[in-house]
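Breakdown of the fold
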Amino acid sequence: MKKTLSIALAALPLMLTSCATPPPPAPVAFHNVDNSALVLESLDEKTCRMIQPTPTEKIENDTAMTQARRFPQHQTAVILLENYTEPQVGDEFRDRSTSLFVGLRTLGYEHIVFLQGKGVSNPEGLILLAKYD
């Protein structure tokens, strides 16, 4: 009995100081406050579709950057990542977002937001993946 009690007491500090993995943070919904924002729908690593201010068909990312250069506003860009499947931001996000991020920053966009697309053209309420200010 004393042996069992002493083993339990010896294990108690270990159990009290061990930690459980915290749950992932709750998803954050996006709320657009800039009506003049450039909105792109990223279809894959190389192609996208412009939704605002001038809708386009499927085009190459470089073509979209050329068109975005012509717009007077360079404040906010919102990118909807369609067919994005990662539960946490990882390699797929990096592969799809890097070229768009660099292109938009080069054009002078100050606020760049990446959202998980759901097949809709309105970004309001979509899950926020990353925000760069």
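The structure presented is a predicted model; accordingly, all values stated were derived computationally and were not measured.

**A short note on the overall build of the protein chain**
- A count of helices and strands for the protein chain gives 3 helices and 6 strands.
- Along the chain direction, N to C, the helices and strands of the protein chain fall in the order α-β-β-β-α-β-α-β-β.
- For the protein chain, buried positions account for 35% of its 133 residues.
- For the protein chain, the proportion of contacts with a sequence separation of at least 24, taken over those separated by at least 6, is 55%.
- Split by element, the accessible area of the protein chain, about 8,500 Å² in all, is 59% carbon and sulfur.

**Considering the sheet that holds strand β6 (residues 127–132)**
- Spatial ordering of the open sheet is given by β3-β2-β1-β4-β5-β6, a layout of 6 strands whose pairing is mixed. What marks the edges here is a single partner per strand, and that holds for β3 (59–60) and β6.
- Two elements, strand β4 (residues 76–81) and strand β5 (residues 111–116), share 6 bridges in a ladder whose sense is parallel. Looking at the pairing, L81 lines up with Q116 of β5.
- The strands touched by helix α3 (residues 91–106) within the sheet are β1 (38–42), β4, β5 and β6, with β5 carrying the most contacts at an inclination of about 155°.

**Focus: the environment of L81**
- When you line up the elements, L81 lands in strand β4.
- When neighbours within four sequence positions are excluded, L81 is seen to be in contact with S42, F93, R96, F114, L115, Q116, G117 and L129.

**Considerations on the packing of aromatic side chains**
- Considering all chains together, one arrives at 4 aromatic pairs under this definition.
- Ring centres of Y84 and F93 lie 6.4 Å apart, and the angle between their planes is 80°; on these two criteria the pair is classed as edge-to-face.
- The exposure class assigned to F93 is buried, which follows from its relative accessible area of 5%.
- Aromatic side chains F114 and Y132 sit 6.2 Å apart centroid to centroid with 85° between the ring planes, which places their arrangement in the edge-to-face category. Here F114, found in strand β5, pairs with Y132, found in strand β6; they are 18 residues apart in sequence, far enough to count as distant.

Conventions we followed
- Numbering of residues starts from 1 in every chain and runs along the sequence as written.
- Only residues with pLDDT of 70 or above have their local features reported here, since the model is predicted, and side-chain atom pairs are shown and tallied only from 80 upward, although totals for entire chains, interfaces and linings are computed over all residues.
- As a rule here, side-chain values come from all non-hydrogen atoms in the structure, and water together with hydrogens is ignored.
- Strands here are runs of E lasting at least two residues and helices are runs of H or I lasting at least four, both read from the DSSP assignment and numbered beginning at the N terminus.
- The rule is simple: take the accessible area with a 1.4 Å probe, protein chains only, and divide by the maximum for that residue type; under 20% is buried, over 50% is exposed, in between is partly exposed.
- For this analysis, residues touch if any pair of their heavy atoms sits within 4.5 Å.
- Accessibility throughout is a Shrake-Rupley quantity obtained with a 1.4 Å probe, and a residue counts as covered only by protein chains that appear here.
- Strands are labelled as partners when DSSP assigns at least two bridges between them.
- For helices, the fitted axis covers only the stretch in contact; all axes are lines through C-alpha atoms, and the angles between them, taken along N-to-C directions, range from 0 to 180 degrees.
- Centres within 6.5 Å are what make two rings of Phe, Tyr or Trp a pair, Trp counting through its six-membered ring; a difference in plane orientation under 30 degrees is then read as stacked, over 60 as edge-to-face, and the rest as tilted.

So far we have only geometry, and geometry alone does not tell us how the molecule works.
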